[in-house]
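# Structure assessment
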Amino acid sequence: PGIYVCAECGHELFSSRAKYEHSSPWPAFTETLQEDSVSKRQERPGALKVSCGKCGNGLGHEFLNDGPKRGQSRF
């Protein structure tokens, strides 16, 4: 339980309350802690490249409509 932070700068990114089990070996979250926790840019249809909103460290992707509930995204 707690807050997940950027490994580079310590910026707060995700809450454990938004974490859920997914078949991926990586942690999966439904939402960021704050709107400005991350920055996003289109990488391909259905996937956004996600970076730390403070330092720009690469965090992976946001997969649109791939969350645990209909219409949710998966980070």
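Because the structure is predicted, anything quoted here is derived from the model rather than measured. (Residues numbered from 1 in each chain as written. Predicted model: local features only at pLDDT ≥ 70, side-chain atom pairs only at ≥ 80, totals over all residues. Heavy atoms only, no water.)

## So, the pairing of strand β2 (residues 12-15)
Remark: a regular strand shows side chains that alternate across the two faces of the sheet. Of the pairings in the sheet, the one linking strand β1 (residues 3-5) to β2 comprises three bridges and is antiparallel in character. Directly across from tyrosine 4, in β2, lies its bridge partner phenylalanine 14. Where β1 hands over to β2, the hairpin turn is made up of six residues, of which glycine 10 adopts a positive phi near 80 degrees. (Pairing = 2+ DSSP bridges. Helix = DSSP H or I, 4+ residues; strand = E, 2+ residues; numbered from the N terminus.)

## Comments concerning the UniProt feature "domain: MsrB" (unreviewed entry) in the protein
Sites flagged by UniProt as "domain: MsrB" (unreviewed entry) map to residues 1-75. Taken end to end, residues 1-75 is 0% helix and 40% strand, and its two terminal C-alpha atoms sit 17 Å from one another. (UniProt positions renumbered as here; feature names shortened; annotations may be inferred.)

## Considering the nonpolar core
In terms of nonpolar packing, the biggest core is built from eight residues, these being Cys6, Leu13, Phe14, Phe29, Val38, Val50, Cys52 and Phe75. Of all the elements in the fold, those that place two or more residues in this core are β2 and β6 (47-52). If sequence neighbours within four positions are ignored, phenylalanine 29 has contacts with Tyr4, Phe14, Ser15, Ala18, Lys19, Tyr20, Ser73, Arg74 and Phe75. (Core = buried A, V, L, I, M, F, W, Y, C linked by side-chain atoms within 4.5 Å. Buried < 20%, exposed > 50% of the residue type's maximum accessible area, 1.4 Å probe, protein only. Contact = heavy atoms within 4.5 Å.)

## What about the state of the cysteines?
The full count for this structure, using the stated rule, is zero disulfides. Cysteine 52 takes part in no disulfide bond, and the closest cysteine sulfur to it belongs to cysteine 9, at a distance of 3.7 Å. Unpaired in terms of disulfides, cysteine 55 finds its nearest cysteine sulfur in cysteine 9, a separation of 3.8 Å. (Disulfide = S-S within 2.5 Å.)

## Notes on the pairing of β6
Within β6, five of the six residues are buried, which leaves the element mostly enclosed by the surrounding structure. In this sheet, β6 lies alongside strand β5 (residues 38-44) in antiparallel orientation, the contact comprising six bridges. When the sheet's bridge partners are listed, lysine 40 is paired in β6 with valine 50. Pairing of β6 with strand β7 (residues 58-63) involves five bridges; the strand directions are antiparallel. The partner of alanine 47 across the bridge, within β7, is phenylalanine 63. Hairpin connection from β6 to β7: five residues lie between these consecutive antiparallel strands, with glycine 56 at a positive phi of about 85 degrees.

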